[in-house]
Amino acid sequence: ARSELKAKQKIEHIKKEVDHLKSEKDLLERENQDQKRQIDVYEDKMDRNSRALMDERRKASDDFARSELKAKQKIEHIKKEVDHLKSEKDLLERENQDQKRQIDVYEDKMDRNSRALMDERRKASDDFARSELKA
């Protein structure tokens, strides 16, 4: 009876750990979705900035005689902004990859815990059967 109680307690502990890992996995998946949405926002910004950059270049060529220096400064500013957004996008993509690897680790842990839970149940059942046999 004591070994059966211990086995049940261990099984409950493993169940709680599996539930905790599932919660962490769900949280990571939500964070991943949030980051994907954020990447989409940054990509939209990059597209708008690219269009703005093309518009500015067109305007700069039209206004070249009047304000060559001013147009060049605006273009450089937009280029820096595009580069900055690209850097942020790359960082988010790396973070997403890191999170995907972390999710894989958690899924592996959950698989191992599930196998351990089945092994514990099998062992508890075997122990119970042996104790019944002895009794």
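Please read these numbers as outputs of a predicted model, since none were measured by experiment.

**Student:** Summarise the side chain of Gln 99; cite the residues concerned and give the values.
**Tutor:** As for its position among the elements, Gln 99 is in helix α2 (residues 64-134). The class for Gln 99 is buried, based on a relative accessible area of 11%. With residues up to four places along the chain from it excluded, the contact list for Gln 99 reads Leu 28, Glu 31, Asn 32 and Gln 35.

**Student:** Could you give an account of the side chain of Gln 35, naming the residues involved and the relevant values?
**Tutor:** As for its position among the elements, Gln 35 is in helix α1 (residues 2-62). Excluding its chain neighbours within four sequence positions, the residues that come into contact with Gln 35 are Leu 92, Glu 95, Asn 96 and Gln 99.

**Student:** Give a detailed account of the environment of Lys 6, specifying residues and quantitative values.
**Tutor:** Within the element layout of this structure, Lys 6 appears in helix α1. On the basis of relative accessibility, which here comes to 57%, the residue Lys 6 falls in the exposed class. Along the sequence, Lys 6 and Arg 130 sit 124 residues apart, while their C-alpha atoms lie 16 Å from each other.

**Student:** Give me the lowdown on the pattern of salt bridges, citing residues and values where you can.
**Tutor:** On inspection of all chains with the given rule, the structure shows 13 salt bridges. Salt-bridge contacts for Lys 89 lead to Glu 93; the nearest nitrogen and oxygen are separated by 3.3 Å. Taken together, the residues span about one helical turn, with Lys 89 and Glu 93 both in helix α2 at a distance of four residues. For Arg 122, the salt bridge is made with Asp 119, and the minimal N-O distance between the two is 2.9 Å. With Arg 122 and Asp 119 both in helix α2, this residue pair falls three residues apart, about one helical turn. Its relative accessible area of 47% is what places Arg 122 among the partly exposed residues. Of the residues examined, Asp 119 reaches a relative accessible area of 42% and is grouped as partly exposed. When salt bridges that share partners are traced, they join Lys 25, Glu 29 and Glu 107 into one network.

What counts and what doesn't
- Residues numbered from 1 in each chain as written.
- Predicted model: local features only at pLDDT ≥ 70, side-chain atom pairs only at ≥ 80, totals over all residues.
- Heavy atoms only, no water.
- Helix = DSSP H or I, 4+ residues; strand = E, 2+ residues; numbered from the N terminus.
- Buried < 20%, exposed > 50% of the residue type's maximum accessible area, 1.4 Å probe, protein only.
- Contact = heavy atoms within 4.5 Å.
- Salt bridge = Lys/Arg side-chain N within 4 Å of Asp/Glu carboxyl O.

By themselves these figures say nothing about function.
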